[in-house]
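Listed below are the residues making up each chain.
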Amino acid sequence: MDIKKKNAKGLIIAIVILVILVIALGGYIGYDKFLSKDNTGTTEENSKNKANAKNKIQNTEENENSSHVKTRICTGIYSGSATVSLNA
């Protein structure tokens, strides 16, 4: 008898916690979709700014990578089996 009461009590607590979570999540979704202001213009500007920043980062990385390769080739330091020498 004692084990059934403990199991029933734990089950009730778990159900109450899940119900509270479902209500909170439903309230958040309802607020987000129906009650919050529409900031479409701001969102579009933010996405453009993020895209521009991402392009700048990619261009910088490409420039760094290409200059690194050029430096390694010109100095003869190459991680292959043969080294490249530009002295003719």
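Preceding this section is the structure that the text describes.
Our subject in this report is the structure included herewith. Everything numeric in this text was worked out from a predicted model, so none of it was measured.

Parameters at a glance
- Residues numbered from 1 in each chain as written.
- Predicted model: local features only at pLDDT ≥ 70, side-chain atom pairs only at ≥ 80, totals over all residues.
- Heavy atoms only, no water.
- Helix = DSSP H or I, 4+ residues; strand = E, 2+ residues; numbered from the N terminus.
- Buried < 20%, exposed > 50% of the residue type's maximum accessible area, 1.4 Å probe, protein only.
- Areas by Shrake-Rupley, 256 points an atom, 1.4 Å probe, with all protein chains shown as cover.
- Patch = residues over 30% accessible without salt bridge, like charges linked within 9 Å, V, L, I, M, F, W, Y side chains within 5 Å.
- Salt bridge = Lys/Arg side-chain N within 4 Å of Asp/Glu carboxyl O.

1. Some words on the overall build of the chain
Broken down by element type, the chain carries 2 helices and 0 strands. When burial is assessed residue by residue, the chain has 1% of its 88 residues classed as buried. With the model as given, the accessible surface of the chain reaches about 8,400 Å², and the carbon-plus-sulfur share is 61%.

2. Focus: a nonpolar patch on the surface
Together, Leu11, Ile15, Val19 and Ile23 make up an exposed nonpolar region whose accessible area comes to about 390 Å². When you line up the elements, Ile23 lands in helix 1 (residues 2-35). Residue classification places Ile23 among the exposed positions, given a relative accessible area of 61%.

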